[in-house]
Amino acid sequence: MPPVGAHSGDIDLSHKGTPADHRAAGARQTGDRDATPSRHREKTVRRRLVVLETIGAVAAWVGGYLLLIDPVRRFEVSLASRIIDGLGVDRISGALGDSFVVFGPELEPVVAEMTGLCSMWGSVLALAALAVVALRRRPHALIGFLFAAAFVLAANQLRLLGSLLAARYFAVDALVLFHDGIGAVLNLAYTFVGLLIMIGLTMYDARRAGRARPGHPAEPAEERRDQGAQAAAGVHREIPLARRAPYRTAETTGRLIAVTGAGSPAGVAVIRALQAAGDHVLALDADPDAVGLRLAGRGAVVPRADHPGYSTALLAVLGEHRPAALICTVAEDYHVLASFEPAVNALGVRTWLPDPAAAELCLDKIAFATTLHAAGVPHPVTAWTAAAATQVPGPWVVKPARGRGRRDVILVDDPAHLPYAFATVPAAIVQTRLPGREFTADALVARDGTLLACVPRWRDETRGTTFASLAVTEVVAAALRAVRHTGPAGVQGFVTDSGEATIVEVNPRFSGGLPLTLAAGADVVGTFLSAVLDPGTAVAPLGFRPGVRMARHFAEVYYTADGTALPDPLAAHRPPAAPVVPAAHGESLAAVNALAPGGAGPGSPPYLVGLEVQDGRGQVARRLQ
């Protein structure tokens with residue numbers, strides 16, 4: 001009879017056991033009690049492994065992002081650009097490599113940079129981390145990840161194309177609206193769908209693999225549930241990584257200054273002035289043999305401004321180097337640059353271009369003569385037809401209505417030769433050749449029209465000498481006011497023996513004789529650059545030192561056919577540089593700036609200005625004094 005309180009289920013009556021069996025059973029019971037701390041230790045180890053795996057996944061995500069984000073961004077821009085080209089859509093370019101240039105319906109340009117947050121790379125890395133941490137035991141996790149990554153790439157391309165096409169056909173603001181509004185929702189949606197694709201393919205194949213097959217045990221249901229819970233937990237970690245920011249404008253990367261026209265005397269002078277001030281220079285020119293490309297630390301060959309690919313090529317170079325500012329030394333390029341100046345500024349590149357209409361008045365000698373005649377600024381008598389040319393007092397100078405320097409310029413003393421010279425020069429004008437001494441004045445005009453600098457110099461062949469003259473300063477200021485020019489300018493004219501000054505031309509750019517102005521103490525390049533980088537800064541008028549002379553000589557640079565620089569064989573024999581003499585301030589410009597603009601004169605007679613003639617209606621125009 002069993003003891004009181006004993007149950008037959010608690011004691012095996014069929015096997016009484018030996019003393020050894022009883023000792024073994026007791027040992028097992030003691031071992032079960034001792035196993036409890038061991039299980040706790042195993043759980044602690046597992047928790048630590050999970051933490052380490054999470055830290056490792058985050059580190060792998062950050063490392064992969066930093067290491068490959070730039071190549072991935074360029075790949076996505078290139079892929080989208082090829083799709084755009086395949087669709088036959090114009091005015092959208094990926095030539096910048098990591099950005100898109102889009103011209104809207106009104107041809108307004110915008111630069112949309114493919115930032116890291118706009119790329120699909122962050123989402124793909126998050127899916128990869130989830131696959132490694134939560135799904136790595138599943139045999140088909142790699143297939144699920146590849147399908148999910150392909151879907152995310154395709155969906156992000158659709159998002160990019162949609163925002164670019166919205167900017168191209170509707171408005172540039174639609175790009176930000178579509179990308180930051182609708183695009184953000186789409187981004188969240190397709191990343192989540194990509195996650196479900198990866199989990200679905202992985203878990204579906206895992207369940208197939210988990211069925212009992214001949215020679216293979218069935219996967220325990222508990223393990224499948226645990227792995228499903230791990231995959232579900234991955235959803236929470238992935239979604240925040242999939243958020244995206246809108247396009248942003250590029251930031252400048254330092255005091256690197258881009259200079260166009262690097263092969264011209266003005267371009268070379270600006271490059272050397274910037275380098276002397278401690279700035280780095282990115283030289284730009286259409287001629288691959290332009291000397292400025294060898295003088296500057298960086299250089300790039302771009303098409304001429306009249307080439308259809310000029311804007312795309314220039315934006316690509318600026319996007320690659322990201323200079324702080326762009327200085328244009330070619331006046332003929334102003335109107336083209338102005339058409340995509342917003343795209344240049346969107347790259348973080350500052351610039352200051354004069355009003356294209358003002359520059360055009362200076363470049364078109366007929367319009368220039370008409371404007372100065374109307375403003376009462378002294379200017380030689382000018383005619384632009386063969387019939388009117390005979391009424392211009394001699395001696396004469398015949399030159400193109402649009403030209404640079406002394407190209408196609410003919411001096412005529414015999415009136416019998418005037419018709420031939422007029423017929424020889426393309427699109428010719430005829431002017432009275434002025435007596436007196438020729439001068440060029442380097443001027444700088446603030447954005448509000450204030451004359452900041454006027455440094456006249458006599459034009460003495462290859463030399464020059466600065467001089468001070470209130471009469472010259474006044475007439476230079478009047479001419480610049482008449483054409484409404486701002487920025488740097490080279491003003492040419494003549495001074496008679498009696499001291500009267502007459503303006504011949506205004507070149508709306510830095511002049512080739514700029515080094516003399518700098519040597520005289522007027523830092524027009526540094527002042528102009530300061531105004532470019534900080535348009536709101538107050539700039540005081542610049543003085544200069546009269547009587548500074550300049551003698552020029554040839555200087556050479558050497559390089560191989562592939563552009564590799566070679567040493568100067570004469571460098572060791574160069575004399576030491578002369579010490580810099582502090583420049584004395586010249587006369588104040590306050591009185592000149594206080595002068596009221598000249599009153600408008602009568603309208604210009606057809607075909608000729610500066611002389612009493614009758615127009616086609618028999619009306620007499622007033623003679624220009």
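The structure we're discussing is the one just above.
The rules behind each value
Residues numbered from 1 in each chain as written. Predicted model: local features only at pLDDT ≥ 70, side-chain atom pairs only at ≥ 80, totals over all residues. Heavy atoms only, no water. Helix = DSSP H or I, 4+ residues; strand = E, 2+ residues; numbered from the N terminus. Buried < 20%, exposed > 50% of the residue type's maximum accessible area, 1.4 Å probe, protein only. Contact = heavy atoms within 4.5 Å. Areas by Shrake-Rupley, 256 points an atom, 1.4 Å probe, with all protein chains shown as cover. Salt bridge = Lys/Arg side-chain N within 4 Å of Asp/Glu carboxyl O. Pairing = 2+ DSSP bridges. Patch = residues over 30% accessible without salt bridge, like charges linked within 9 Å, V, L, I, M, F, W, Y side chains within 5 Å. Phe/Tyr/Trp six-rings, centres within 6.5 Å; stacked < 30°, edge-to-face > 60°. Lys NZ or Arg CZ within 6 Å of the ring centre and 35° of its normal. 1 Å grid on protein atoms, 1.4 Å probe; cavity = no way out; pocket = protein on both sides within 12 Å on 5 of 7 lines; lining within 4 Å. Points joined across faces, edges and corners; volume = space filled by probe spheres on them. Nonpolar A, V, L, I, M, F, W, Y, C, P; charged D, E, K, R; others polar.

Draft legend 1. How the structure looks around the overall build of the protein. Across its full length, the protein carries 18 helices and 21 strands. When burial is assessed residue by residue, the protein has 44% of its 625 residues classed as buried. Partitioning the intrachain contacts of the protein with sequence separation of at least 6 by distance along the chain shows that 67% fall at a separation of at least 24. Within the structure as shown, the protein displays about 32300 Å² of accessible surface, and the carbon and sulfur contribution to it stands at 60%.

Draft legend 2. Just the pattern of salt bridges, in detail. Tallying each qualifying case throughout the model produces 10 salt bridges. Residue Arg168 is joined to Asp90 by a salt bridge in which the shortest nitrogen-to-oxygen separation is 2.7 Å. In this pair, Arg168 sits in helix α3 (residues 141-169) while Asp90 sits in the loop between α1 (19-87) and β1 (92-93), placing the two residues 78 residues apart along the sequence. A relative accessible area of 43% means that Asp90 is categorised as partly exposed.

Draft legend 3. Looking closely at the pairing of strand β3 (residues 109-113). Counting buried residues along β3, 4 of its 5 residues qualify, which places the element largely inside the surrounding structure. As paired elements, strand β2 (residues 99-103) and β3 share 5 bridges and run antiparallel to each other. Looking at the pairing, Phe103 lines up with Pro109 of β3. Connecting β2 to the next strand, β3, in antiparallel fashion are 5 residues, including Leu107 with a positive phi near 65°.

Draft legend 4. Representation of the sheet that holds β1 within the structure. The 3 strands are arranged β1-β2-β3 in an open sheet whose pairing can be described as antiparallel. The open sheet terminates on both sides in strands that have one partner only, identified here as β1 and β3. For β1 and β2, the ladder comprises 2 bridges, and the chain directions are antiparallel. Bridging from a neighbouring strand, Ser93 pairs with Val101 of β2.

Draft legend 5. Quick peek at the sheet that holds strand β16 (residues 487-495). Strand order in this open sheet of 6 strands is β17-β16-β13-β14-β15-β18, and the pairing throughout is antiparallel. Both outer strands of the open sheet, β17 (501-507) and β18 (549-550), are each paired with one neighbouring strand and no more. Pairing geometry for strand β15 (residues 463-466) and β18, over 2 bridges, is antiparallel. Counterpart to Gly464 in the pairing with β18 is Met550.

Draft legend 6. Spotlight on the pairing of β17. Of all 7 residues in β17, 7 are buried; the element is thus mostly enclosed. Across 6 bridges, the pairing between β16 and β17 is antiparallel. By the bridge assignment for β17, Val495 is matched with Ala501. Hairpin geometry of β16 and β17 is characterised by an intervening segment of 5 residues between the two adjacent antiparallel strands and by a positive phi of about 95° at Gly499.

Draft legend 7. A look at a nonpolar patch on the surface. Judged by side-chain polarity, Val45, Leu49, Val51, Leu52 and Ile55 come together as a nonpolar surface patch covering roughly 460 Å² of accessible area. Following the sequence through the fold, Leu52 ends up in helix α1. Judged by relative accessible area, Leu52 falls into the exposed class, the value being 56%.

Draft legend 8. Representation of the packing of aromatic side chains in the model. Per the stated rule, a full pass over the model turns up 4 aromatic pairs. Centroid distance Trp458 to Phe467: 3.8 Å. Interplanar angle 10°. Geometry classified as stacked. Note on Trp458: relative accessible area 14%, which makes it buried. Classification of Phe467 as buried rests on a relative accessible area of 9%. Ring centres 5.6 Å apart and planes at 85° place the aromatic pair Phe510 and Phe528 in the edge-to-face group. Separated by 18 residues along the polypeptide, Phe510 in the loop between β17 and α16 (514-519) and Phe528 in helix α17 (residues 524-533) bring together distant segments of the chain. Ring pairing ties together the aromatic residues Trp352, Phe510 and Phe528, which thus form one cluster. Lying over the aromatic face of Tyr559, Arg294 brings its terminal NZ or CZ to 3.9 Å of the ring centre.

Draft legend 9. Quick look at empty space enclosed by the protein. Counted according to the given criterion, the structure contains 4 cavities of 30 Å³ or more. In this structure, the largest cavity encloses a volume near 140 Å³. Considering the residues around the largest cavity, the lining is formed by 18 residues, among which Cys362, Lys365, Gly403, Glu505 and Asn507 are closest to the centre. Contributions of two or more residues to the lining of the largest cavity are made by α11 (356-363), α12 (365-375) and β17. In terms of residue count, the dominant contributor to the lining of the largest cavity is β17 (4 residues). When grouped by side-chain class, the residues that make up the lining of the largest cavity number 7 nonpolar, 5 polar and 6 charged. Along the walls of the second largest cavity sit Leu326, Ile327, Cys328, Tyr334, Thr351, Trp352, Leu353, Pro354, Pro488 and Phe528, which together make up its complete lining. In terms of residue class, the lining of the second largest cavity is built from 9 nonpolar, 1 polar and no charged.

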